[in-house]
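Breakdown of the fold
What follows is the residue order along each chain.
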Amino acid sequence: MTDITNTAAPFLRIDGVSKRFGDVAALRDVSLDLREGEIHALIGPSGCGKSTLLRIVAGFEGADEGAVHLGERRIDTLKPEARGIGIVFQDYALFPHLTVAQNVAFALKYADDARRAAGTAPLLRMVRLDGLESRYPDELSGGQQQRVALARTFAAGPRAILLDEPFSNLDASLRETTRREIRDILKASGLGILFVTHDREEALSFADRISVLRDGGVEQTGLPKDLYFRPANAFVAGFLGSTNFLDGIADGASAETPIGRVSLDRPASGPVQLSLRPEAIGIAPEGSDGVPAIVASLVFKGHDASAFVRVGEATFEVLMPASLDVQPGQCVSVAARASAVVLKG
Ligand code: ATP
């Protein structure tokens, strides 16, 4: 992950945007920025306002309050085509009766003279589709269709690109390779990319920064690692990965919890609410260091397995190597082996 995005200047700024649809507050005072060359994910549960925010930036929807700037220019008052922003729709919206080259050439109508003169070849090279220019959309894989849509968006010479659920139409088997290819293409373009997803793994692996939305507001913005390891609250902790919530009594650098003494990511005292990821809990044979637990169930995941263990009344998820010989009903010992995140306290 580059750190360039930590210092790059914000060039798309969303300031205090609110939007209501009747009784529904779709966006509540949302502020965030997209930096030059950055891939920024908007993630959150269904209905949290991701698409509405994207549509406001694109100009398909007007904000009730707030402003959007691209560089020094205020753009939320401009028509969509005058904003310098490209958008790739979830269904790619290609013309079925036009070839790959014709689909891209169509968008060149809106490009400046230099781009028009250069034609479709550099754009198709950019998205690695050279050789396929005479194919029709229905003769392409989902991933290839997506790259045509991207070439078409590049054609108009945008300064930023919006992607709406870019990988939701792709087969799970294609998704990972396609994501890597598209990420390379987008990074090479040097443009700022704002994309909507509801897939946490996609946000964590594809984005330079992530904004987590909930009920029309931004809960936290940051680097994927920071959000994963230092979530600001229980919602972000739970949304970006499985986690165990523990209540404890802190006395400085550690706390007493149902799974024993746990070190904390920051000093605290008194009652605390903690988040401890499944990979931060170790499982060992009965009688080892830690607290006694019973394995309630196991979920095999390939390389890893999740053991759901009961300690008294509470159940915790523990991530362990799938090769470990652990059976449901077995008595084991569990202990924290990394610091817990203090969420409250
Ligand atoms: P999803 O992940 O399901 O696409 P989302 O996070 O993109 O959800 P939005 O589509 O932005 O959410 O919707 C935010 C809220 O605004 C929802 O409660 C939705 O029902 C409401 N909403 C969106 N568009 C309209 C509209 N045109 N008219 C009325 N309500 C709308």
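Keep in mind it's a predicted model, so treat the numbers as computed, not measured.

What counts, and where the lines are drawn
- Residues numbered from 1 in each chain as written.
- Predicted model: local features only at pLDDT ≥ 70, side-chain atom pairs only at ≥ 80, totals over all residues.
- Helix = DSSP H or I, 4+ residues; strand = E, 2+ residues; numbered from the N terminus.
- Buried ≥ 20, exposed ≤ 12 C-beta atoms within 10 Å, placed from the backbone.
- Contact = placed C-beta atoms within 7 Å.
- Axes fitted to C-alpha atoms, helices over the stretch in contact; angles between N-to-C directions.
- Parallel < 35°, antiparallel > 145°, perpendicular 65-115°, else oblique.
- Left-handed = near helix turned anticlockwise from the far one by under 90°.
- Nonpolar A, V, L, I, M, F, W, Y, C, P; charged D, E, K, R; others polar.
- UniProt positions renumbered as here; feature names shortened; annotations may be inferred.
- Domains from an automatic or database assignment.
- Near = placed C-beta within 6 Å.
- Pairing = 2+ DSSP bridges.
- Core = buried A, V, L, I, M, F, W, Y, C linked by C-beta atoms within 7 Å.

Turning our eyes to something else, we now look at the overall build of the protein chain. Along the backbone of the protein chain there are 10 helices and 18 strands. With the C-alpha coordinates aligned to their principal axes, the bounding extent of the protein chain is approximately 75 × 45 × 40 Å. Split into buried and exposed, the 345 residues of the protein chain put 35% on the buried side. Pairs at least 24 residues apart make up 65% of the contacts formed inside the protein chain by residues separated by at least 6 positions.

When two helices pack together, you describe them by how their axes are tilted relative to each other and by the distance separating the axes. Relative to each other, helix α3 (residues 100-108) and helix α6 (residues 142-155) sit at 25°, their axes nearing to 7 Å. Of the possible angle classes, the one that applies to α3 and α6 is roughly parallel. Handedness of the crossing formed by α3 with α6: right-handed. Residues V100, N103, V104, A107 and L108 of α3 lie in contact with α6, whose contacting residues are V148, A151, R152 and A155. In the contact of α3 with α6, the residues fall into 7 nonpolar, 1 polar and 1 charged.

UniProt marks residues 12-240 with the feature "domain: ABC transporter" (unreviewed entry), using the numbering shown here. Annotation note: span residues 12-240, helix share 35%, strand share 27%, distance between end C-alpha atoms 25 Å.

This paragraph deals with the domain arrangement of the protein chain. A common way to express how large an interface is: the accessible area buried when the components associate. In terms of domains, the protein chain is made up of domain 1 (4-239) and domain 2 (244-344). Computed over C-alpha atoms only, the centres of domain 1 and domain 2 are separated by 38 Å. Contact residues are listed per partner, giving 5 residues for domain 1 and 6 residues for domain 2. Partitioned by chemical class, the residues of the side of domain 1 that touches domain 2 number 3 nonpolar, 1 polar and 1 charged.

In the vicinity of the ligand, the residues found are F21, V24, A26, G44, S46, G47, C48, G49, K50, S51, T52 and H198. Sorting the residues of the shell around the ligand by element identifies β2 (24-35) and α2 (50-58) as the ones contributing at least two each. By residue number, the principal contributor to the shell around the ligand is α2, which donates 3 residues. Residues of the shell around the ligand, tallied by class, amount to 4 nonpolar, 7 polar and 1 charged.

This part is about the sheet that holds strand β8 (residues 192-197). Read from one edge to the other, the open sheet built from 6 strands follows the order β6-β7-β8-β3-β9-β10, with strand pairing classed as mixed. Bordering the open sheet on either side are β6 (85-88) and β10 (217-222), each of which pairs with just one other strand. Across the sheet, the mean angle from the axis of one strand to that of its neighbour is 20°, orientation sign disregarded. Here 4 bridges tie strand β3 (residues 39-43) to strand β9 (residues 209-214), and the two strands are oriented parallel to one another.

On to the nonpolar core, then. If you look at the biggest cluster of nonpolar residues, it comprises 83 residues, and the most contacted ones within it are V57, V104, A151, L194 and V334. Residues from two domains meet in this core; each of domain 1 (4-239) and domain 2 (244-344) gives at least three. Sequence-distant contacts of L194, defined by excluding residues within four places in its chain, comprise L34, H40, L42, L54, V57, A160 and L162.

Right, let's get into the pairing of β3. Most of β3 sits out of view: 5 of its 5 residues are buried. Burial along β3 is two-sided: I39, A41 and I43 facing one way and H40 and L42 facing the other are all buried. With 5 bridges joining them, β3 and β8 adopt parallel strand pairing. Bridged to I39 within β8 is I193.

Before going further, it helps to examine the pairing of β10. Each regular strand displays side chains that alternate between the two surfaces of the sheet. When β9 meets β10, the two strands line up antiparallel, connected through 5 bridges. Paired with L213 across the two strands is V218, which belongs to β10. Hairpin connection of β9 to β10: 2 residues between the antiparallel strands, including D215 at a positive phi of 50°.

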